[in-house]
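Close look at the chain arrangement
Next come the chains, spelled out residue by residue.
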Amino acid sequence: MERVFCPRVHFKIIVFDLKTAYVGSANLTGAGLGMKGENKRNFEAGVLSNNKDFVKNAAEQFDSVWMGAHCKDCRRKEFCGDPIGFYSDFKAGRDNL
């Protein structure tokens, strides 16, 4: 497995056993999770779902970035800490979800 760090990613996607997924904007920090004082919290949004299509799309979005789907045409390569050559077809393993 090859990991790709993409400096363009800000989404947070957590997939649990390919059955439930969370997609959101909150950083996993005190402010992002609402643990700061009432007037210091960030305003965030997120969705938790066990809808099969939602989970499949969340997993595919995560995998496409993880595998470098956008690397070939990226115009921010100078900021990439872990570049890869190019994207191979990640969907082959996801069609069975």
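For the structure itself, look to the data block above.
Residues numbered from 1 in each chain as written. Predicted model: local features only at pLDDT ≥ 70, side-chain atom pairs only at ≥ 80, totals over all residues. Heavy atoms only, no water.

1. Some details on the sheet that holds strand β1 (residues 12-16)
Adjacent strands of a sheet pair through backbone hydrogen bonds, lying either parallel or antiparallel. Across the sheet, three strands lie side by side as β1-β2-β3; this open sheet has antiparallel pairing. Looking along the sheet, the strands with just one partner apiece sit at the ends: β1 and β3 (46-49). Recorded for the sheet is a direction-independent mean angle of 5° between the axes of neighbouring strands. Across five bridges, the pairing between β1 and strand β2 (residues 20-24) is antiparallel. Looking across to β2, one finds that I14 is bridged to Y22. (Pairing = 2+ DSSP bridges. Helix = DSSP H or I, 4+ residues; strand = E, 2+ residues; numbered from the N terminus. Axes fitted to C-alpha atoms, helices over the stretch in contact; angles between N-to-C directions.)

2. Section: a nonpolar patch on the surface
A cluster of nonpolar residues, I14, F16 and L48, forms a patch on the protein surface that exposes about 290 Å² of accessible area. Look at L48 and you get exposed, because its relative accessible area is 60%. (Patch = residues over 30% accessible without salt bridge, like charges linked within 9 Å, V, L, I, M, F, W, Y side chains within 5 Å. Areas by Shrake-Rupley, 256 points an atom, 1.4 Å probe, with all protein chains shown as cover. Salt bridge = Lys/Arg side-chain N within 4 Å of Asp/Glu carboxyl O. Buried < 20%, exposed > 50% of the residue type's maximum accessible area, 1.4 Å probe, protein only.)

3. A look at helix α1 (residues 52-66)
With 15 residues, α1 should reach 21 Å at 1.5 Å per residue; the first-to-last C-alpha distance of 21 Å fits that figure. Listed in full, the buried residues belonging to α1 are V55, A58, A59, E60, D63, S64 and V65. On the buried face of α1, the contacting elements are β1, β2 and β3. Phi turns positive, to about 90°, at G68, one or two residues after α1. (Expected span 1.5 Å × (residues − 1). Contact = heavy atoms within 4.5 Å.)

4. Comments concerning the side chain of K12
Secondary-structure assignment places K12 in strand β1. Buried charge without a salt bridge: K12, with E44 as the nearest opposite-charge side chain at an N-O distance of 6.5 Å. Within the structure, K12 has its side chain in polar contact with the backbone oxygen of S25 (distance 3.3 Å). When neighbours within four sequence positions are excluded, K12 is seen to be in contact with Y22, V23, G24, S25, A26 and N27. (Lys, Arg positive; Asp, Glu negative; His and termini not counted. Polar contact = N/O pair within 3.5 Å; in protein donor to acceptor, adjacent residues only side chain to side chain.)

5. Describing the environment of G32
Note that G32 resides in the loop between β2 and β3. The exposure class assigned to G32 is buried, which follows from its relative accessible area of 9%. Linking G32 and F43, residues 11 residues apart in sequence, is a C-alpha distance of 7.8 Å.

6. Regarding the environment of H10
Within the secondary structure, H10 is located in the segment before β1. With relative accessibility at 49%, the residue H10 sits in the partly exposed group. Separated by 14 residues in sequence, H10 and G24 have C-alpha atoms that sit 9.2 Å apart. Once you skip the residues sitting within four places of it in the chain, H10 turns out to touch S25 and N27.

7. What about unusual backbone geometry?
Leaving glycine out, the prevailing phi sign among residues is negative, and the prevailing peptide bond configuration is trans. Non-glycine residue D17 carries a positive phi angle of around 50°. Note on placement: D17 falls in the loop between β1 and β2. Residue class for D17 comes out exposed when judged on its relative accessible area of 70%.

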